Amino acid sequence: MKWLKRLLFLIFLGFSLGLAAVTALYFYFAPQLPDVTTLRDVQLQTPMRVFSADGKLISQFGEKRRIPLQIEEVPEQMLQAFLATEDTRFYSHPGIDPIGITRAAINLIATGEKSQGASTITQQVARNFFLTREKTYIRKIKEIFLAIKIEQELSKDEILALYLNKIPLGYRSFGVGAAAQVYYGKTVDQLTLAQTAVIAGLPKAPSALNPIRSPERARDRRRVVLGRMLETGFIDQASFDEANQAPITATYHGAEIALAAPYLAEMVRQEILNTYGEEAYTSGMDVYTTISAKRQNAATLALRDNLLSYDQRHGFRGAISQLWKADTPALDQAAIVAELATLPNYGELRAAAVLSVANEQAEIIVKGGQAGIIAWDDMKWARRFITDTRQGPAPKSAQEVLSAGDVIWVSALPTEAETTTPASDAPSTHTELPSDEPADAVLTVSGEPQAVVRNWRLSQLPDAGAALIAISPLDGAIEALVGGFSFNQSKFNRVTQASRQVGSNIKPFLYSAAFEHGMTLASLENDAPINRWDKAMGVAWRPKNSPPVYDGPIRLRVALAQSKNVVSVRLMRDLGVDAVIKHLAKFGFPANELPRNESLSLGSASLTPMQVASAYGSFANGGYLVSPYFIDRIQDGEGNIIFQQLPKVACDACFEIAKDAPSLEQLLDETPNAFSQCDISFAQLDDLAPRIISAENAFLVSQAMNSAIWGGGSWAHKTGWNGTGWRAARELKRRDIAGKTGTTNDAKDAWFSGFSPDLVVTSWIGFDNFNRELGEASYNQNLDKNQITGKEFGARTAQPAWIDFMKVGLEGVPEKPLQPPKNVNTVRIDRATGQLSNASDHTTRFEYFEKGTEPTEYVKPAAGSVFGSEEDELF
């Protein structure tokens with residue numbers, strides 16, 4: 001009895017000393033412990049996402065991949081997998097698990113090693129949010145105290161939700177939502193039991209147990225997870241057996257990019273970074289841009305197809321490299337696939353190796369290991385490139401084009417089941433993938449691995465650059481933007497960064513200045529050669545038309561539509577260089593950067609495609625200057641709008657109503673329904689875009705550019721003529737479009753800019769190397785008669801992309817006739833002189849004039865003329 005008392009005393013003393021020690025430790029560490037109440041307002045680091053206006057994901061920026069989930073969004077089977085593996089008694093213990101601690105302590109005493117963990121899910125939350133992962137006793141003590149405090153502050157479901165969203169699971173995925181997407185390309189509710197078990201097994205060692213790097217280890221760990229679920233009664237034996245026998249199917253999935261717009265995404269990234277700093281990458285911002293998914297896809301495809309067409313008609317530059325030669329053994333398939341894996345993707349272009357070549361086809365293996373065939377029809381274009389102006393003879397067999405061992409670029413020929421959505425080659429995260437993470441391990445087409453042999457087309461990576469931008473003339477919203485063939489090829493954004501000579505794209509602004517100074521569409525200018533001595537240079541300046549055809553006195557409508565160079569020079573002389581530059585500055589062109597000489601009339605000014613498109617918008621919207629913008633709104637991680645773009649809008653009706661009002665408030669007080677007829681809303685008068693030219697001026701310029709597409713005259717009477725943009729009339733068949741070609745000296749730049757009432761588009765193509773010319777292409781006997789040949793210029797080099805884009809961009813948009821403003825009259829004029837006419841035959845037409853500028857004299861009828869009833873042209 002005496003010894004029993006002593007034993008009880010010692011136990012009590014030990015317990016008291018232990019309790020005192022724990023209390024002392026608590027008070028010692030308490031000041032060092034963080035405030036766990038911050039977990040209620042914790043902001044999980046989530047990447048910044050960029051979306052189109054219609055909600056398509058364009059890009060994702062940030063090192064950590066995370067898709068936060070509410071506990072109700074996590075399937076019960078996944079909850080069970082984590083609880084069975086990590087903390088079976090989670091819902092019953094107070095934050096620490098005495099049984100688990102005892103088991104770990106016994107193991108430590110027995111083995112001398114800390115081989116068994118005793119951390120509960122709550123302790124892991126404490127460690128992940130507040131502590132490091134170092135294995136020290138002090139860290140463990142802090143972890144225990146924090147776990148107890150967390151249990152007092154948060155509910156079990158709140159703790160479990162934090163854990164499931166915070167836990168690192170490899171490949172920069174944090175939380176189960178991101179892991180499901182990264183490893184399987186699925187949401188958590190789409191996972192199978194086998195896939196769920198793989199993810200639940202990752203917290204122990206995300207790198208070592210990774211199913212992509214170490215599938216066998218992942219399989220073993222999955223068996224452990226499934227075994228724990230079986231022991232705890234969460235699954236039955238049949239489910240265990242089925243999941244345990246399932247193959248490891250994980251592959252790397254980047255962010256689910258739904259829309260290829262990498263150049264715009266980079267513009268967004270830079271803008272957000274400049275405004276919000278580095279924290280934008282982790283604060284979960286959602287940035288909604290102004291671009292339309294349909295129009296962006298159309299722009300990407302139009303630019304790529306046009307650039308490939310230009311590049312291929314100038315000849316084949318040969319293989320990228322050669323893996324083996326004719327007199328050496330071929331590499332085995334594994335070695336070939338390994339070599340091809342080192343080459344990037346460029347849009348739809350994929351690297352391929354030629355295995356064998358027959359007369360009319362070549363057998364290839366494409367990056368990723370897929371077998372393929374290039375038929376003769378898909379390579380017969382490939383005559384030899386000599387220079388930008390010379391090509392070799394058309395090949396007669398496949399052996400003249402390719403050899404076994406060649407590494408080439410190919411593009412997949414579409415099947416009936418495939419769509420025309422352009423491939424995205426942009427990085428989906430702010431930082432690059434680690435070198436040991438395969439971004440393109442298996443080639444997929446339309447999302448499915450291809451096991452069958454398919455047909456491919458021989459291609460090559462274009463040398464030339466291109467840009468296409470589409471904006472809304474109403475407010476400047478960018479609806480599509482493509483800054484080059486491939487973001488992987490070049491991150492140089494030619495829409496905003498390429499300042500290039502604009503050629504004849506400048507002429508509509510010169511004609512606008514002429515109209516502002518009293519000239520009209522019917523005014524005559526002499527289309528005759530110019531020969532002027534330049535004292536400063538000691539040479540004669542002889543600007544020429546292209547082609548060198550001169551028509552004598554010509555109406556300004558026809559002169560602009562046919563892009564008469566000498567007429568532009570004469571207009572510049574009539575107006576004066578200073579007056580023209582002052583007028584151009586109204587459109588946003590930097591006056592101090594414009595050439596102060598007559599070459600300006602022919603487009604010697606260097607501008608970006610964005611500047612050009614913005615300026616053309618003033619003709620489309622009736623004379624207002626709108627500023628291009630690409631961010632519509634920004635939402636924080638909670639969905640709250642933290643930024644909303646308020647662009648200045650162009651609205652004729654609003655402008656007329658408000659132009660004399662002292663304030664919007666007073667106007668609305670006096671006339672509450674003043675703007676009921678307008679399709680827009682605004683907060684103050686300053687929200688209206690400034691008028692830079694009159695509506696009449698904008699309409700007259702648009703009319704001349706409409707003739708650049710539709711031409712004029714009477715083909716029946718052999719007086720018909722085409723404008724430089726006639727291809728658009730043939731392809732689009734719309735009367736509500738207007739446009740202008742542009743080509744610079746030596747064809748180093750080719751442009752086409754044009755618009756409908758709702759959409760302004762500029763297309764440019766040229767070499768980044770200013771010394772290279774776009775050249776010319778000779779006739780290829782292997783191709784059909786519709787091929788483009790001859791010298792490259794705006795209409796045949798840049799306009800095709802504009803047309804292809806407009807076919808989609810205006811699809812479903814009703815045609816809107818170009819309506820004359822109220823101060824514009826129509827009178828019948830003589831086509832030859834621009835004077836009034838009483839005739840009604842093919843020698844006359846109705847023409848538009850701003851009131852007060854109509855001609856006052858009638859043309860004298862020619863002897864023997866007959867007045868008929870020919871149908872008049874009304875545009």
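Just above, that's the structure.
Scope of this entry: the structure provided in the associated data block. (Residues numbered from 1 in each chain as written. Predicted model: local features only at pLDDT ≥ 70, side-chain atom pairs only at ≥ 80, totals over all residues. Heavy atoms only, no water.)

When helices and strands are counted, the protein chain shows 23 helices and 30 strands. Of all 875 residues assigned to the protein chain, the portion counted as buried reaches 52%. For the protein chain, long-range pairs separated by at least 24 residues make up 72% of all intrachain contacts whose partners lie at least 6 apart in sequence. As presented, the protein chain carries roughly 40,100 Å² of accessible surface, and 52% of it is formed by carbon and sulfur atoms. (Helix = DSSP H or I, 4+ residues; strand = E, 2+ residues; numbered from the N terminus. Buried < 20%, exposed > 50% of the residue type's maximum accessible area, 1.4 Å probe, protein only. Contact = heavy atoms within 4.5 Å. Areas by Shrake-Rupley, 256 points an atom, 1.4 Å probe, with all protein chains shown as cover.)

A few words on helix 23 (residues 794-809). Of all the bends in helix 23, the greatest, near 35 degrees, is centred on Pro800. Summarising burial for helix 23: 13 of the 16 residues are buried, a large majority. (Bend = angle between axes of the 7 residues up to and from the residue.)

Attention shifts here to the packing of aromatic side chains. Under the definition given, this model contains 17 aromatic pairs. Aromatic side chains Tyr171 and Tyr183 sit 6.0 Å apart centroid to centroid with 70 degrees between the ring planes, which places their arrangement in the edge-to-face category. Placement of the pair is Tyr171 in the loop between helix 6 (156-166) and helix 7 (176-184) and Tyr183 in helix 7, with a sequence separation of 12 residues. With relative accessibility at 5%, the residue Tyr171 sits in the buried group. Exposure remark for Tyr183: the relative accessible area of 1% places this residue in the buried category. (Phe/Tyr/Trp six-rings, centres within 6.5 Å; stacked < 30°, edge-to-face > 60°.)

What follows is about the packing of helix 14 (residues 507-516) against helix 16 (residues 565-575). Put simply, helix 14 and helix 16 touch, their axes get as near as 10 Å, and they point 40 degrees apart. With respect to helix 16, the axis of helix 14 lies oblique. As helix 14 packs across helix 16, the resulting crossing turns out to be left-handed. Across from Lys507, Leu510, Tyr511, Ala513 and Ala514 in helix 14, the residues of helix 16 making contact are Asn565, Val567, Ser568, Leu571, Met572 and Leu575. Taken together, the residues of the contact of helix 14 with helix 16 break down into eight nonpolar, two polar and one charged. (Axes fitted to C-alpha atoms, helices over the stretch in contact; angles between N-to-C directions. Parallel < 35°, antiparallel > 145°, perpendicular 65-115°, else oblique. Left-handed = near helix turned anticlockwise from the far one by under 90°. Nonpolar A, V, L, I, M, F, W, Y, C, P; charged D, E, K, R; others polar.)

This next bit is on the sheet that holds strand 15 (residues 478-482). Strand order in the open sheet made by the five strands is 15-14-26-25-24, with antiparallel pairing throughout. The open sheet has two edge strands with one neighbour each: strand 15 and strand 24 (738-743). Across the sheet, the mean angle from the axis of one strand to that of its neighbour is 5 degrees, orientation sign disregarded. Pairing of strand 25 (residues 749-756) with strand 26 (residues 759-766) involves eight bridges; the strand directions are antiparallel. Counterpart to Phe755 in the pairing with strand 26 is Val760. Here helix 21 (residues 695-710) sits on the sheet and contacts strand 24 and strand 25; the angle it forms with strand 24, its principal contact strand, is near 70 degrees. (Pairing = 2+ DSSP bridges.)

Before going further, it helps to examine the pattern of salt bridges. All chains considered together, the criterion is met by 30 salt bridges. For Arg317, the salt bridge identified is with Asp311, shortest N-O distance 2.9 Å. Residue Asp311 is classed as buried on the basis of its relative accessible area, which comes to 4%. The shortest N-O distance in the salt bridge between Glu731 and Lys807 comes to 3.1 Å. With Glu731 in helix 22 (residues 726-732) and Lys807 in helix 23, this residue pair connects regions lying 76 residues apart in the sequence. Among the residues examined, Lys807 registers a relative accessible area of 38% and is labelled partly exposed. (Salt bridge = Lys/Arg side-chain N within 4 Å of Asp/Glu carboxyl O.)

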